Amino acid sequence: MLVVMQSHAMQAQIDKVVRVIEEQGMSAHVMPGATRTAIGITGNTGAVDKSLFEVLDGVEEAIRVTKPYKLASREMKRDDTTIEFAQGTVGPKTFTMIAGPCSVESEATMLKTAEHLVARGVMFLRAGAFKPRSSPYSFQGLGLEGLRVLEKCRAKTGIGIVTELMDTEHASAVEDAADIIQIGTRNMQNFSLLKRVGKCRKPVLLKRGMSSTLEEWLMAAEYVMAGGNYQVILCERGIRSFSDHSRNTLDLSVIPPAKALCHLPLFVDPSHGTGKRAYVPAMALASLAAGADGLLIEAHPEPDRAMSDGAQSLDFAALDALLARLKALAPAFGRTM
Ligand code: PEP
Ligand code: MN
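J.: Can you tell me about the packing of aromatic side chains, naming the residues and giving the values?
T.: By the definition in use, this model includes two aromatic pairs. Centroid distance Phe85 to Phe124: 4.9 Å. Interplanar angle 80 degrees. Geometry classified as edge-to-face. Within this pair, whereas Phe85 is found in strand S5 (residues 83–85), its partner Phe124 is found in strand S8 (residues 124–126), the two being separated by 39 residues in sequence. Assigned by exposure class, Phe85 and Phe124 land together as buried.

Structure follows, in structure tokens:
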């Protein structure tokens, strides 16, 4: 249910609606809008009686939300969600680049990367301190030491930090170090982890599960939002299919329906989507054309020496060439970079 307030509704009237919702044992999600405030209701197990709210002062109407993902749906919030950072804005009319090595490596490698990115106006450095690897014998990441390296990069260059959280145990440490908390494809339905980041103060980059439907993905976003963290960025990173020409099948066809159903920003990761650096630029450009709000690209000063995912990492020259093409094309799609 969505309770839409009148445009001149007073704070006391909004508070009263919230109180009535909570008295019924449900949760209220106040969403201020450009012209009026709306209040989303979650936590009801059965149908909610509209008349409970329609009689209250300042209420314009109560609308039933039919989708199972309530807070993530356009029924609940028609306008695109924008997320503000010290480095800039993520959302409609912009196109944001997140780039960096797959894993946090040495301080020197990370600083070199951060400086390169900042000089080109890239807002976010992304690298994993905790790595979900298919083999227990592969490099698992530097852990807490990796978070310290990322913090140094931000302190020295001002770049925003995106890094993955793999388990609830490290939630506070990752939340403190990151500007955006990444949830990986393998954890998209780790519900305890989703509930935990729902309590975080930092935005969450939610990668699509490699075998998840759009609805399952949006339900995962709903877990985070139901906890009170409304700052979720979706990230398509490729799904499993029968194809053997690429690591995953980058499902750009999910972008238009995801955008139609959901107001959250949507990024694309063509690095994991293709698994091969030669194919990354084409898919990055296609993501912009298909309506994505930004990209997550793996880039490394020496990809062939990367500690993980080197084969899909761009070197700096290739990253610069891609950035130049994206910057030239973005205005044609109504976006600035
Ligand atoms: C990564 O971003 O390096 C990563 C492990 O991604 P995914 O969860 O999409 O496999
Ligand atoms: Mn990777």
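That shown, we press on.
J.: An account of helix H4 (residues 144–157) is needed here, citing residue identities and associated values.
T.: With 14 residues, H4 ought to run about 20 Å at 1.5 Å a step, and its terminal C-alpha atoms sit 20 Å apart, in line with that. Restricting attention to buried positions, one finds in H4 the residues Gly146, Leu147, Val149, Leu150, Cys153 and Thr157. Projection of H4 onto a plane perpendicular to its axis shows the buried side chains occupying an angular sector of 160 degrees, all on one side. Of the exposed residues in H4, those oriented more than 90 degrees away from the buried face are Glu145, Ala155 and Lys156. Where H4 is buried, its residues contact helix H3 (107–119), S8, strand S9 (160–164) and helix H5 (171–177). Two residues or fewer after H4 comes Gly158, characterised by a positive phi angle close to 85 degrees.

J.: Can you explain the coordination of the manganese ion (ligand 2)? Please cite residues and give values.
T.: Geometry sets the ideal angles at a metal, namely 109.5 degrees for four tetrahedral donors and 90 or 180 degrees for six octahedral donors. The protein atoms donating to the manganese ion (ligand 2) are Cys102 (SG), His272 (NE2), Glu298 (OE) and Asp309 (OD), with metal-donor distances spanning 2.0 to 2.4 Å. Sequence spacing among the residues donating to the manganese ion (ligand 2) works out to C-x169-H-x25-E-x10-D. Residue Cys102 is located in the loop between strand S7 (96–100) and H3, and its partner Glu298 is located in strand S14 (residues 294–298); the two are separated by 196 residues in the primary sequence. Residue classification places Cys102 among the buried residues on the basis of a relative accessible area of 4%. Note on Glu298: relative accessible area 0%, which makes it buried.

J.: Let's hear about the packing of H3 against helix H11 (residues 316–329): which residues, and what values?
T.: Axis angle and axis distance: for two packed helices, these are the angle between their axes and the distance between the axes, and together they describe the pair. Where H3 meets H11, the axes come as close as 12 Å, and the angle between the chain directions of the two elements is 20 degrees. Comparing the axis directions of H3 and H11 gives the class roughly parallel. For the crossing formed where H3 meets H11, the hand is right-handed. Where H3 abuts H11, its residues Lys112, Thr113, His116 and Leu117 lie against Phe316, Leu319 and Asp320. Looking at the contact of H3 with H11 residue by residue, the classes come out as three nonpolar, two polar and two charged.

About the criteria used
- Residues numbered from 1 in each chain as written.
- Chains lettered and ligands numbered in written order.
- Predicted model: local features only at pLDDT ≥ 70, side-chain atom pairs only at ≥ 80, totals over all residues.
- Heavy atoms only, no water.
- Phe/Tyr/Trp six-rings, centres within 6.5 Å; stacked < 30°, edge-to-face > 60°.
- Helix = DSSP H or I, 4+ residues; strand = E, 2+ residues; numbered from the N terminus.
- Buried < 20%, exposed > 50% of the residue type's maximum accessible area, 1.4 Å probe, protein only.
- Expected span 1.5 Å × (residues − 1).
- Arc of directions from axis to C-beta.
- Contact = heavy atoms within 4.5 Å.
- Donors = N, O, S within 2.8 Å, 3.2 Å for Na, K, Ca; no water.
- Axes fitted to C-alpha atoms, helices over the stretch in contact; angles between N-to-C directions.
- Parallel < 35°, antiparallel > 145°, perpendicular 65-115°, else oblique.
- Left-handed = near helix turned anticlockwise from the far one by under 90°.
- Nonpolar A, V, L, I, M, F, W, Y, C, P; charged D, E, K, R; others polar.

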